Amino acid sequence: MTNASFDLERAPELIAATGAALGRPLEILDETASTNDVAKRAAKLGAPHGATWLAETQTAGRGRQGRVWLAQRGESLLFSVLARIVCPPSRLPLLALAAGLAVRDAVAKAAPRADVRVKWPNDVVCEGKKVAGILVESIGATGANAALVIGVGINVHSRTFPAEISPRATSVALLAHAPPERAQLLADVLAGLDKDLTLVAAKGLGLVHARLTKADALAGARVVTDAGMTGTARGIDTEGRLLVASEDGERTALVAGEVHLVG
Ligand code: BTN
């Protein structure tokens, strides 16, 4: 561990206490380009299932759809977990949703009065503002080095944000009454991920689907899709697709992409 801030010091003991297979070994980096890239490189060199890399700051943090992930040093929980789960590409979105649920549950535990939800496909939001994002990437679909990297960025201590994301961003500190501890959040996310990933990889979304439906940020909301279709979000199906009903009642099941709230 290198230069861990005070609120990460308890991470190894809290992770051990969960009994989860994820988060060990844990490496805390002061600075790196992207923890997802560190994890992918380590995966190719044979790093084990559960290995986790956390950074105090990233110089090239990546989000979905080629976006940049912005975070101030020490204010976020930025980490990537290596999961040696063989998963067909078609199931990756389900694992990303399961990861979203694990992050949602951990944030909701830290901020019990906030209405924290999963926004399809893999954001965690509270009242329309994003508190966390997830980037799942796979390495080698088959073979000895097949692995998934689950990258998580949670805004934890931030109270202000860069102008370009400020209207749409929030943090655990802004949602919670007690100051959050990143070590506890990390341990909670890893424990939830450990449970849900195995379940979803083995049996699909079925067993977590009810929880996901309850946590769905978009249910009943007017949305516009990447393709410009406007409609009402009607839930996430067991295949992980977002159901959108257009004005004329036609239903579309979105497999990938993004939707934006209308109005
Ligand atoms: C998104 O919402 O677009 C996904 C954001 C994922 C950000 C995390 S931060 C840790 C890991 N390393 C990265 O470069 N990205 C992910």
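Residues numbered from 1 in each chain as written. Predicted model: local features only at pLDDT ≥ 70, side-chain atom pairs only at ≥ 80, totals over all residues. Heavy atoms only, no water.

**Q** What's the story with the overall build of the protein chain in this structure? I'm lost.
**A** Within the protein chain one finds six helices and twelve strands. For the protein chain, the C-alpha radius of gyration of 18 Å lies close to 18 Å, the compact-globule estimate for 263 residues. Taken over 263 residues, the protein chain has a buried fraction of 54%. In the protein chain, the proportion of contacts linking residues at least 24 apart, taken out of those at least 6 apart, comes to 65%. Of the roughly 11,700 Å² of accessible surface on the protein chain, 54% is carried by carbon and sulfur atoms. Positive and negative side-chain charges in the protein chain, numbering 29 and 27 respectively, have mean positions lying 3 Å apart. (Helix = DSSP H or I, 4+ residues; strand = E, 2+ residues; numbered from the N terminus. Rg over C-alpha atoms; globule rule 2.2 N^0.38 Å. Buried < 20%, exposed > 50% of the residue type's maximum accessible area, 1.4 Å probe, protein only. Contact = heavy atoms within 4.5 Å. Areas by Shrake-Rupley, 256 points an atom, 1.4 Å probe, with all protein chains shown as cover. Lys, Arg positive; Asp, Glu negative; His and termini not counted. Charge placed at Lys NZ, Arg CZ, Asp CG, Glu CD.)

**Q** Looking at this structure, how should I read the packing of helix H1 (residues 11-18) against helix H5 (residues 182-203)?
**A** In a packed pair of helices, the relevant descriptors are the angle between the two axes and the axis-to-axis distance. Running from N to C, H1 and H5 point in directions that differ by 30 degrees, and their axes come no closer than 9 Å. With respect to H5, the axis of H1 lies roughly parallel. In the crossing of H1 with H5, the sense of the turn from one axis to the other is right-handed. Packed against H1, whose contacting residues are Ala11, Leu14, Ile15 and Thr18, the element H5 presents Ala183, Gln184, Leu186, Ala187, Leu190 and Ala191 at the interface. Broken down by class, the residue content of the contact of H1 with H5 amounts to eight nonpolar, two polar and no charged. (Axes fitted to C-alpha atoms, helices over the stretch in contact; angles between N-to-C directions. Parallel < 35°, antiparallel > 145°, perpendicular 65-115°, else oblique. Left-handed = near helix turned anticlockwise from the far one by under 90°. Nonpolar A, V, L, I, M, F, W, Y, C, P; charged D, E, K, R; others polar.)

**Q** Hey, could you run me through the environment of alanine 245 in this one?
**A** Counting through the fold element by element, alanine 245 comes out in strand S10 (residues 242-246). Classification of alanine 245 as buried rests on a relative accessible area of 12%. C-alpha of alanine 245 to C-alpha of arginine 222: the two residues are 23 residues apart in sequence and 9.4 Å apart in space. If sequence neighbours within four positions are ignored, alanine 245 has contacts with Met229, Gly231, Thr232, Arg234, Glu250 and Arg251.

**Q** I tried to follow the nonpolar core on my own but got confused; where do I start?
**A** Among soluble globular proteins, nonpolar side chains are generally buried collectively. Counting residues in each nonpolar core, the largest one holds 67 residues, and the members touching the most others are Leu77, Phe79, Val103, Ile150, Ile154, Leu193 and Leu242. Here this core gets 13 residues from one element, more than from any other, and that element is helix H3 (residues 92-110). (Core = buried A, V, L, I, M, F, W, Y, C linked by side-chain atoms within 4.5 Å.)

**Q** How should I be thinking about the pairing of strand S6 (residues 129-139) in this particular structure?
**A** Burial within S6 is extensive, with eight of its eleven residues counted as buried. Sheet topology note: the strand S5 (residues 123-126)/S6 ladder contains four bridges and is antiparallel. When the bridges of S6 are listed, cysteine 126 appears paired with lysine 129. The loop that links S5 with its antiparallel partner S6 comprises two residues; one of these, glutamate 127, has a positive phi angle of about 45 degrees. (Pairing = 2+ DSSP bridges.)

**Q** Looking at this structure, how should I read the environment of serine 171?
**A** Tracing the sequence through the fold places serine 171 in the loop between strand S7 (147-155) and helix H4 (172-175). Separated by 69 residues in the primary sequence, serine 171 and glycine 240 have C-alpha atoms spaced 26 Å apart.

**Q** How should I be thinking about the site of the ligand in this particular structure?
**A** Around the ligand, 20 residues are found, and the nearest of them are Ser34, Gln58, Arg62, Arg64 and Lys130. Contact between the ligand and arginine 62: a nitrogen atom at 2.7 Å from a main-chain N or O atom of the residue. In this structure, an oxygen atom belonging to the ligand sits 2.6 Å away from a side-chain N or O atom of lysine 130. Here the ligand, which alone exposes 420 Å², has 99% of that area covered by the protein. Sorting elements by how many residues they give to the shell around the ligand places S6 first, with four residues. For the shell around the ligand, a count of residues per class yields six nonpolar, ten polar and four charged. (Near = heavy atom within 4 Å. Polar contact = N/O pair within 3.5 Å; in protein donor to acceptor, adjacent residues only side chain to side chain.)

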